[in-house]
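# Chains, contacts and geometry: an overview
Residue strings, one per chain:
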Amino acid sequence: MSRVFNFSAGPAALPEAVLEQAAAEMLDWHETGMSVMEMSHRGSDFMSIHAEALADLRELLAVPANYKILFLQGGGLGENAIVPLNLMRGKSGHQNEADIVITGVWSEKSHVEAQRYGKMNIAASASDTGFTAVPAIESWKLNKSAAYLHLCTNETINGVEYHFTPDLAKTHGAAFADMPIVADMSSHILSRPVDVSKYALIYGGAQKNIGPAGLTIAIVREDLLLNDAGQSRAHPMCPSVFNYKTLAETDSMYNTPPTYGIYIAGLVFKWLKAQGGLKAMEAHSRAKATLLYGYLDSTNFYANRVSKTDRSLMNVPFFLHDESLNAAFLQGANEAGLKQLKGHRAIGGMRASIYNAMPLAGVEALVAYMKAFERAH
Ligand SMILES: *Cc1c(COP(=O)(O)O)cnc(C)c1O
């Protein structure tokens, strides 16, 4: 067997130790004589896997007690509809209005989808920069009538990441102190500690930095599930399987949850704890990103166009100065065991995704290859 360095943006590489354990337990989990895939989601064996995954995730992210962790399906894009259906009516049950900051392809998609359910105001957009920066927070035009503010805190395709936590009371005054912030963290969740209490809702598809596609994680503050009348805030047309309140009340077991995805995610949570938790992952990510950006900035052969203060530690898009060499670059990389470096079709060029499971050795091998390719051309 030979494993490659897989730079895919998602579904992405998983820790080898996790895959080995899953392989060893595939046919017979803990002497039950069955695979986790074959278990009833309501049986005590799976319930213990589920409860442990929840507890480990709560510990890793230090999720406060007044937040529910939900394991659901639908992916990051599903949440573009599920969030407005659950939260857009706001406390009083009728606003149907929210604000969004657009920083790239994913928040653009969130904007378009949410408009099917209500009014989604663009508080700020970085489109004039070609999505290479987070618009200065002081410039965000927030609306008091908005039920929440939507952010994508790591733009996977554009390689733009928030390296700050918005403090709206400070930048926009006391009137915005309680504005709920919804964050799509699909591609950097668990890459570093986050102050969950500063957000109303954090969500992400699992397939970038957590586990297999099919599992979506939502961490929601409990009071957002209800309106002023103490009833569900969700739109009556919200499907029951996507109603956060229903999911919270049934411990994500209203219908069959993505059981195998939850099991693998649970193994990843244990692996993260063994690595030293999210502080250790942040140091690991910084070391990898510093190496790669440092090299990109040292040469004119390649370029990363993102403003230095907003560069993603997870997704590093880069371009060859001479784009006619793209095919040769990718072919040589493939031959060297450096896989899935082709950039997203929306912006072209190359992209190296360096999530938690990418070892430093993978980035070292990539930089060595890039240097050799530069010398040869
Ligand atoms: C990948 C991604 C999505 C879409 O996820 P799906 O699971 O394919 O729906 C949404 N937002 C961000 C930031 C992503 O990286």
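The structure under discussion appears in the preceding block.
Residues numbered from 1 in each chain as written. Predicted model: local features only at pLDDT ≥ 70, side-chain atom pairs only at ≥ 80, totals over all residues. Heavy atoms only, no water.

The final tally for this structure, using the stated rule, is 3 cavities of 30 Å³ or more. Together, Ala 13, Leu 14, Pro 15, Lys 208, Asn 209, Ile 210, Val 268, Trp 271, Leu 272, Asn 356 and Ala 357 line the largest cavity. Within the lining of the largest cavity, the residues separate by chemical class into 8 nonpolar, 2 polar and 1 charged. In this structure, the second largest cavity spans a volume of roughly 40 Å³. Contributing to the lining of the second largest cavity are Asn 6, Ser 8, Ala 12, Ala 13, Ser 353, Tyr 355, Ala 357 and Met 358. Residues that form the lining of the second largest cavity fall into these classes: 5 nonpolar, 3 polar and no charged. (1 Å grid on protein atoms, 1.4 Å probe; cavity = no way out; pocket = protein on both sides within 12 Å on 5 of 7 lines; lining within 4 Å. Points joined across faces, edges and corners; volume = space filled by probe spheres on them. Nonpolar A, V, L, I, M, F, W, Y, C, P; charged D, E, K, R; others polar.)

Before going further, it helps to examine the sheet that holds strand S12 (residues 315-320). Each strand in a sheet pairs with its neighbour through backbone hydrogen bonds, running either in the same direction (parallel) or in the opposite one (antiparallel). Spatially, S11-S12-S14 is the arrangement adopted by the 3 strands of the open sheet, whose pairing is antiparallel. In this open sheet, the two edge strands, each paired with only one partner strand, are strand S11 (302-303) and strand S14 (350-353). With 4 bridges connecting them, S12 and S14 associate as antiparallel partners. In the strand pairing of S14, Pro 317 is matched with Arg 351. Along the sheet face, helix H8 (residues 277-297) touches S11, S12 and S14 and points at about 20° away from the line of S12. (Pairing = 2+ DSSP bridges. Helix = DSSP H or I, 4+ residues; strand = E, 2+ residues; numbered from the N terminus. Contact = heavy atoms within 4.5 Å. Axes fitted to C-alpha atoms, helices over the stretch in contact; angles between N-to-C directions.)

The subject of this paragraph is the packing of H8 against helix H10 (residues 360-376). Orientation of H8 relative to H10, taken along the N-to-C sense of each, is 5°, at an axis distance of 9 Å. By the angle class used here, H8 and H10 are roughly parallel. Note on element contacts: H10 touches H8 through Leu 360, Val 363, Glu 364, Leu 366, Val 367, Met 370, Lys 371 and Glu 374, opposite His 284, Ala 287, Lys 288, Leu 291, Leu 292, Tyr 295 and Leu 296. In terms of residue class, the contact of H8 with H10 is built from 10 nonpolar, 1 polar and 4 charged. (Parallel < 35°, antiparallel > 145°, perpendicular 65-115°, else oblique.)

Of the two faces of strand S5 (residues 149-152), the one carrying Leu 149 and Leu 151 and the one carrying His 150 and Cys 152 are both buried. Relative to S5, strand S3 (residues 97-102) runs parallel, the two being bridged by 2 bridges. Paired with Ile 100 across the bridge in S5 is His 150. Bridge count between S5 and strand S8 (residues 181-184): 4 bridges; the pairing is parallel. Bridge pairing in S8 places Leu 149 opposite Ile 181. (Buried < 20%, exposed > 50% of the residue type's maximum accessible area, 1.4 Å probe, protein only.)

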